Structure formats: structure tokens, C-alpha cells
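Now for the letters of each chain:
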Amino acid sequence: MVWQRLALIAAVILLLVVLELIRSRRLQERYALLWLLTGVVIFVLAVWRSLLGKASDLVGIAYPPSALFILAAFFILLVLLHYSTVISRL
């Protein structure tokens, strides 16, 4: 229960920080999309705990935290790919 609340608080803080960075024009909208998506996914998983178990069962992963690790690695790869394309344009 404590971890669920901490994840919920972390997701809300992440979303608020990203929105503040967009509002103050220190982060462009196109770069913020992945961060907003990450915050929303963390928020949804914190609120709906059984979703991670159902998703891991759906793809055949026996241990739900492993599915969370794979999901986090996927988001990191998306962010790295996005930054690589931005740097390539520069």
C-alpha cells in the first residue's frame, strides 16, 4: 500500500514538473510527449494495481515486476531514440 502511494505521488510530481517546464518554455512540447506518457503510465499503474498483473499474464511474463522492468526499458529506449534523431538533425 505504501509503495502504491509513493508511485502515485511520484507520477503526479513528474507530470506537474513536466507541465511547469512546458509552461515556462524551458521544454518544448514535442520533447515533453514521452515524459508525459511516462507519467501517465506510472499514474495508471499506481492507481490500477491489477493492470500490471493482467498485462504480464497477457504477454506470458510470470513475474509482474519483470513486466514493469521491461516496460521501463522500452520507455528508456524510446527516449534515447527520440534524442538520437534530434541530435542527428543538429
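Structural data are supplied above this passage.
Source: prediction; values computed, not measured.

Trainee: Which residues make up the overall build of the chain, and what values do they have?
Mentor: Looking only at helices and strands, the chain features four helices and zero strands. Each helix (α) and strand (β) of the chain, taken in turn from the N terminus, gives the series α-α-α-α. Based on the C-alpha atoms only, the size of the chain along its principal axes is roughly 45 × 25 × 15 Å. With 90 residues in all, the chain has 20% of them scored as buried. Considering only contacts within the chain whose residues lie at least 6 apart along the sequence, 56% involve residues at least 24 apart.

Trainee: Hey, could you go over the packing of helix α2 (residues 29-47) against helix α4 (residues 64-89) for me, with residue numbers and the actual values?
Mentor: Working note: a packed helix pair is described by the angle between its axes plus the distance between those axes. Between α2 and α4, whose axes approach to 10 Å, the crossing angle comes to 175 degrees. The orientation of α2 relative to α4 falls into the category roughly antiparallel. Residues Arg30, Tyr31, Leu34, Trp35, Leu37, Thr38, Val41 and Leu45 of α2 lie in contact with α4, whose contacting residues are Leu68, Leu71, Phe75, Leu78, Val79, His82, Tyr83, Val86 and Arg89. Here the contact of α2 with α4 is built from residues that sort into 13 nonpolar, two polar and two charged.

Trainee: Account for α2, naming residues and giving values.
Mentor: Count 3.6 residues to each turn of an α-helix, and residues three or four apart come out pointing the same way. Given a rise of 1.5 Å per residue, 19 residues ought to cover 27 Å, and the 26 Å separating the end C-alpha atoms of α2 matches this to within 8%. Considered for burial, the residues of α2 that qualify are Tyr31, Ala32, Leu34, Thr38, Gly39, Leu45 and Ala46. On the buried face of α2, the contacting elements are α1 (2-23), α3 (49-59) and α4.

Trainee: Tell me about a nonpolar patch on the surface, residues and numbers included.
Mentor: A cluster of nonpolar side chains, contributed by Val12, Leu16, Val40, Phe43, Val44, Val47 and Trp48, occupies part of the molecular surface with about 590 Å² of accessible area. Broken down by secondary-structure element, the contributors of at least two residues to the nonpolar patch are α1 and α2.

Trainee: I'd like to hear about the pattern of salt bridges, residue by residue, with values.
Mentor: Think of it this way: side chains of opposite charge can pair up when their charged atoms draw near. One pass over the structure, following the stated rule, counts one salt bridge. The partner of glutamate 20 in a salt bridge is arginine 23, and the shortest N-O contact between them spans 2.7 Å. With glutamate 20 and arginine 23 both in helix α1, this residue pair falls three residues apart, about one helical turn.

Trainee: Got a sec to walk through the environment of leucine 34? Specific residues and values, please.
Mentor: With respect to the helices and strands, the residue leucine 34 is situated in helix α2. On the basis of relative accessibility, which here comes to 18%, the residue leucine 34 falls in the buried class. Distance from leucine 34 to arginine 5, taken between C-alpha atoms, is 23 Å for residues 29 residues apart in sequence. Apart from residues lying up to four places away in sequence, leucine 34 is in contact with Leu78, Val79 and His82.

Trainee: Requested: an account of the packing of α1 against α2, with residues and values cited.
Mentor: Relative orientation of the contacting elements α1 and α2 amounts to 160 degrees, with a least axis distance of 8 Å. By the angle between their directions, the pair α1 and α2 is classed as roughly antiparallel. For the element pair α1 and α2, the recorded crossing hand is left-handed. For the pair α1 and α2, contact is made by Gln4, Ala7, Leu8, Ala11, Val12, Leu14, Leu15, Val18, Leu19 and Ile22 and by Glu29, Ala32, Trp35, Leu36, Thr38, Gly39, Val40, Ile42, Phe43, Ala46 and Val47, respectively.

Reading the values: rules and limits
Residues numbered from 1 in each chain as written. Predicted model: local features only at pLDDT ≥ 70, side-chain atom pairs only at ≥ 80, totals over all residues. Heavy atoms only, no water. Helix = DSSP H or I, 4+ residues; strand = E, 2+ residues; numbered from the N terminus. Buried < 20%, exposed > 50% of the residue type's maximum accessible area, 1.4 Å probe, protein only. Contact = heavy atoms within 4.5 Å. Axes fitted to C-alpha atoms, helices over the stretch in contact; angles between N-to-C directions. Parallel < 35°, antiparallel > 145°, perpendicular 65-115°, else oblique. Nonpolar A, V, L, I, M, F, W, Y, C, P; charged D, E, K, R; others polar. Expected span 1.5 Å × (residues − 1). Patch = residues over 30% accessible without salt bridge, like charges linked within 9 Å, V, L, I, M, F, W, Y side chains within 5 Å. Areas by Shrake-Rupley, 256 points an atom, 1.4 Å probe, with all protein chains shown as cover. Salt bridge = Lys/Arg side-chain N within 4 Å of Asp/Glu carboxyl O. Left-handed = near helix turned anticlockwise from the far one by under 90°.

Purely geometric numbers; function is a separate question.
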